[in-house]
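# Structure at a glance
In case you want the letters, here they are:
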Amino acid sequence: MGKQSYAVTIAGGGSTYTPGVVLMLLHDMQKFPVRHITLYDNDAERQETIAKACAIYIQENAPEVKFSYTTDPAEAFTGIDFVLAQIRVGKYEMRDKDEKIPLRHGVVGQETCGPGGIAYGLRSIVGVIEILDYMEKYSPDAWMLNYSNPAAIVAEATRRLRPDSRIINICDMPIALMDIMAALCGLRDYRDLVYGYYGLNHFGWWWKIQDKSGRDLMPTIKEHMARNGYADAVAGLQFVDESWLHTFQKAKDVYALDPNTIPNTYLKYYLYPDYVVANSDPNHTRTDEVREGREKSVFGMAHKIIQQGTARGFELKADEHSEYIVDLACALAENTRERFMLIVPNHGAIENFDPTAAVEVPCIVGSDGYQKICQGSIPQFQKGLMEQQVSVEKLVVSAWVEHSYQKLWQALSLSKTVPSASVAKDLLDELYEANRNFWPELR
Ligand code: NAD
Ligand code: G6P
Ligand code: MN
């Protein structure tokens, strides 16, 4: 593109992450000049609180940037260069069910993994595709950078249903973990690392980590992993809640299964589901923690800014989550050719794995899009796990397309988090009932 300035729409304008993304867009104006920011959401009331606070902040800090918010797709998606998407179809009310229903059956209750992730996936597909279609209708040259979860299922759905679309699905977890690894090695952040990684979203492993001079950092990182997982360097990171600390520590046991690689934290849900369930409170799950924490503080601050009519005096700062998506937009717009971890169709990036799978691998990004960096062949252990998990994701999308009860039952039965087909069926029936307003009718 290489334009003078860009118009950006944030889809899921009422997201807890929106203020951070807006802050980051303003922060990066030198390298990625933005002329117009639009918020789009289908919940006008939720979005308005965030939007009014952002309007005040922008007016005070970058009055030259035009700002608007809307629930009208034509207004939101006309004449834009980027959609930064972070929608949560069904909001926290449905996330609560994704987590609590499986736990009542003694199964992992998580936003993106296991039955909860499957239920959420069946809600997200239509929401993300709808926005993608608006974008292609009103601004066909724009890029959509998508955080909306569960990113693995969304990526498989968009790959299959909109194969020519300009969407890139991303996750901030590998970046957050690489920031930790950099800190463990006395480096600044993930940009100081040269890495090899393969996997599905929330389901992958690093097989190489070096510094820019080619020094192997794996021995240092492995030493920390074996002792304390990622927990040796978490101070000052965005994930400070108690449950995240446990997740960082539990990576030690995930690492123990294959000491040749460094694992993504989310693998604990697949490899230690019994432990996860035993340590979950079915009456107080991550949704409750997020509502009492992040949502309360973001919306609380927005209300205060609106009430006082100024954002001055508030301690506002963007985190690596926002930095990552804005950096990616900048790479596409300004041809920076930096390295990003993206969720993209495999086509040989992992040689001995399904070419049609949506995999997470490092890529080089520039104005011509992304180029995958080939990761070679992967070991039997990871390949076996990934084949099972990718089959779950593919069956979920097939079930959505074909309205198939049978395929959804197969998907749930195949998930490593579910102990038997009978538990899978009970879960399916209860999740279906809870998701009547969102899932397609199953036959
Ligand atoms: P949130 O509930 O605060 O915000 C989501 C917003 O999306 C809400 O305002 C909601 O009204 C809106 N929305 C729902 N359906 C919509 C639709 N069809 N069209 C337009 N807007 C819609 O959620 P949050 O905790 O801020 O998270 C937002 C999303 O970002 C979630 O999907 C979350 O999982 C995802 N996320 C992903 C990553 C990643 O690594 N990929 C990281 C962080 C957050
Ligand atoms: C990590 C994951 C995301 C997830 C996010 C927030 O960054 O990569 O996919 O959405 O954590 O999770 P939370 O439980 O705080 O809403
Ligand atoms: Mn993620």
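Residues numbered from 1 in each chain as written. Chains lettered and ligands numbered in written order. Predicted model: local features only at pLDDT ≥ 70, side-chain atom pairs only at ≥ 80, totals over all residues. Heavy atoms only, no water.

## Thoughts on the site of ligand 1
Looking at ligand 1, there are 26 residues lining it, with Ser15, Thr16, Asp41, Tyr92 and Tyr120 nearest. Within the side chain of Thr16, one N or O atom sits 2.6 Å away from an oxygen atom of ligand 1. Here Asp41 contributes a side-chain N or O atom positioned 2.6 Å from an oxygen atom of ligand 1. Within the complex, the protein chains bury 96% of what would otherwise be the 860 Å² of accessible surface of ligand 1. By residue class, the composition of the shell around ligand 1 is 9 nonpolar, 9 polar and 8 charged. (Near = heavy atom within 4 Å. Polar contact = N/O pair within 3.5 Å; in protein donor to acceptor, adjacent residues only side chain to side chain. Areas by Shrake-Rupley, 256 points an atom, 1.4 Å probe, with all protein chains shown as cover. Nonpolar A, V, L, I, M, F, W, Y, C, P; charged D, E, K, R; others polar.)

## Details of the UniProt feature "active site" (unreviewed entry) in the chain
Here the UniProt-annotated "active site" (unreviewed entry) positions come out as Asp172 and Tyr266. Over a stretch of 95 residues, the named residues converge on one spot in the fold, their C-alpha atoms separated by at most 12.3 Å. Topologically, Asp172 is positioned in the loop between strand 6 (167–169) and helix 7 (173–184). With respect to the secondary-structure elements, Tyr266 resides in the loop between strand 9 (262–263) and helix 10 (268–271). For Tyr266, a relative accessible area of 8% corresponds to the buried category. Leave out the neighbours within four places in its chain, and Tyr266 touches Gln110, Thr112, Cys113, Met173, His202 and Trp244. (UniProt positions renumbered as here; feature names shortened; annotations may be inferred. Helix = DSSP H or I, 4+ residues; strand = E, 2+ residues; numbered from the N terminus. Buried < 20%, exposed > 50% of the residue type's maximum accessible area, 1.4 Å probe, protein only. Contact = heavy atoms within 4.5 Å.)

## Details of the coordination of the manganese ion (ligand 3)
Listed as protein donors to the manganese ion (ligand 3) are Cys171 (SG) and His202 (NE2); their distances from the metal cover 2.2 to 2.4 Å. With Cys171 in the loop between strand 6 and helix 7 and His202 in the loop between strand 7 (193–200) and strand 8 (203–211), the pair connects residues that are 31 residues apart, well separated along the chain. As far as burial versus exposure is concerned, Cys171 and His202 are alike and both buried. (Donors = N, O, S within 2.8 Å, 3.2 Å for Na, K, Ca; no water.)

## Let's talk about the site of ligand 2
Taken together, 14 residues surround ligand 2, and among them Arg95, Asn149, Asp172, Arg286 and Arg294 come closest. The separation between an oxygen atom of ligand 2 and a polar side-chain atom of Asp172 is 2.3 Å. Arg294 places a side-chain nitrogen or oxygen 2.8 Å from an oxygen atom of ligand 2. Contact with the protein chains removes 93% of the 390 Å² of surface that ligand 2 exposes when unbound. The biggest single contributor to the shell around ligand 2 is helix 12 (residues 286–308), with 3 residues. Grouping the amino acids of the shell around ligand 2 by side-chain chemistry returns 7 nonpolar, 2 polar and 5 charged.

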